[in-house]
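Next come the chains, spelled out residue by residue.
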Amino acid sequence: MKGNFDKCMSWLLFHEGGYVDHKHDPGGATNLGVTHKVWAKWVGKESVSKDEIKALTVKQVMPLYKAKYWDRVKGDELPSGVDWAVFDIAVNSGTGRAGKFLQEAVGAKPDGYIGPMTMSLVKKADPKTVVKKIYKRRQAFYESLSNFKHFGKGWTRRNEETYHQALDLL
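None of these values were measured; they are calculated from a predicted model.

Caption draft 1: Spotlight on the packing of helix α4 (residues 58-70) against helix α5 (residues 82-93). In contact at an axis separation of 10 Å, α4 and α5 are set at 100° when each is read in the N-to-C sense. Compared by their axis directions, α4 and α5 come out roughly perpendicular. For the pair α4 and α5, the contacting residues are Tyr 65, Tyr 69 and Trp 70 in the first and Asp 83, Phe 87, Ala 90 and Val 91 in the second. Of the residues contributing to the contact of α4 with α5, the split by class is 6 nonpolar, no polar and 1 charged.

Caption draft 2: A look at the environment of Val 73. With respect to the secondary-structure elements, Val 73 resides in the loop between α4 and α5. C-alpha separation for the pair Val 73 and Phe 87, spaced 14 residues apart in sequence, amounts to 6.8 Å.

Caption draft 3: Spatial organisation of the nonpolar core. Counting residues in each nonpolar core, the largest one holds 47 residues, and the members touching the most others are Trp 39, Tyr 65, Trp 84, Val 86, Phe 87, Leu 102 and Ile 134. Listing elements by their share of this core, those giving two or more residues are α1 (5-16), α2 (36-43), α4, α5, α6 (95-106), α7 (116-124), α8 (127-144) and α9 (148-169). Take this core: its biggest share by element is 8 residues, from α5. For Ile 134, the residues in contact, after removing those within four places along its chain, are Ala 85, Val 86, Ile 89, Phe 101, Leu 102 and Ala 105.

Caption draft 4: Expanded view of the packing of aromatic side chains. Applying the stated criterion to the full structure yields 12 aromatic pairs. With a centroid separation of 5.9 Å and an interplanar angle of 70°, the aromatic rings of Phe 101 and Phe 141 are classed as edge-to-face. Taken as a pair, Phe 101 in helix α6 and Phe 141 in helix α8 lie far apart in primary sequence, 40 residues in all. By the burial criterion, Phe 101 is buried, and Phe 141 matches it.

Caption draft 5: Structural view of the pattern of salt bridges. Considering all chains together, one arrives at 9 salt bridges under this definition. Across the pair Asp 71 and Lys 66 runs a salt bridge whose closest N-O atoms are separated by 2.6 Å. Exposure remark for Asp 71: the relative accessible area of 36% places this residue in the partly exposed category. In this structure Lys 66 comes out as partly exposed when scored by relative accessible area, which is 27%. Two residues, Glu 104 and Arg 137, come together in a salt bridge whose shortest N-O distance is 2.8 Å. With Glu 104 in helix α6 and Arg 137 in helix α8, this pair connects stretches of sequence that are 33 residues apart. Judged by relative accessible area, which is 36%, Glu 104 ranks as partly exposed. Through salt bridges with shared partners, one network takes in Glu 16, Asp 88, Arg 138 and Arg 158.

Criteria and thresholds
Residues numbered from 1 in each chain as written. Predicted model: local features only at pLDDT ≥ 70, side-chain atom pairs only at ≥ 80, totals over all residues. Heavy atoms only, no water. Axes fitted to C-alpha atoms, helices over the stretch in contact; angles between N-to-C directions. Helix = DSSP H or I, 4+ residues; strand = E, 2+ residues; numbered from the N terminus. Parallel < 35°, antiparallel > 145°, perpendicular 65-115°, else oblique. Contact = heavy atoms within 4.5 Å. Nonpolar A, V, L, I, M, F, W, Y, C, P; charged D, E, K, R; others polar. Core = buried A, V, L, I, M, F, W, Y, C linked by side-chain atoms within 4.5 Å. Buried < 20%, exposed > 50% of the residue type's maximum accessible area, 1.4 Å probe, protein only. Phe/Tyr/Trp six-rings, centres within 6.5 Å; stacked < 30°, edge-to-face > 60°. Salt bridge = Lys/Arg side-chain N within 4 Å of Asp/Glu carboxyl O.

Structure representation (structure tokens):
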């Protein structure tokens, strides 16, 4: 929903935290949820150093999150609550997967592209039901991953927090 981006960003940044470089995380060096690969592409470099990632600020990453995630999942057009559920998945698991989870929740063909047909179905759907279906699908996805044993507790906590926050926005 238009006007929810800043609130959703505050929740997202809480979930993402600061700098991490966990040996089991395929994303590698990450700060404020931004991986070194994503940041390098955003700034037009072949690669960036860990020090550059460590030095990232909220002000620097906000435009990236708006353009590469919020806008790609049509956050301004989604119902309040649904926007947050989809945005958080987009950042955590990719915009295509977020689109597919939304499409599955509203009965659209899950191709990952949130277009006019998907949006039409979203507008007809009960937002509470959509948020609940996304929550369940997301959890099933997490539990299917081989590194759930390393990150499952945190992913589950994040999914539950996102679910309750999304319901609060309805």
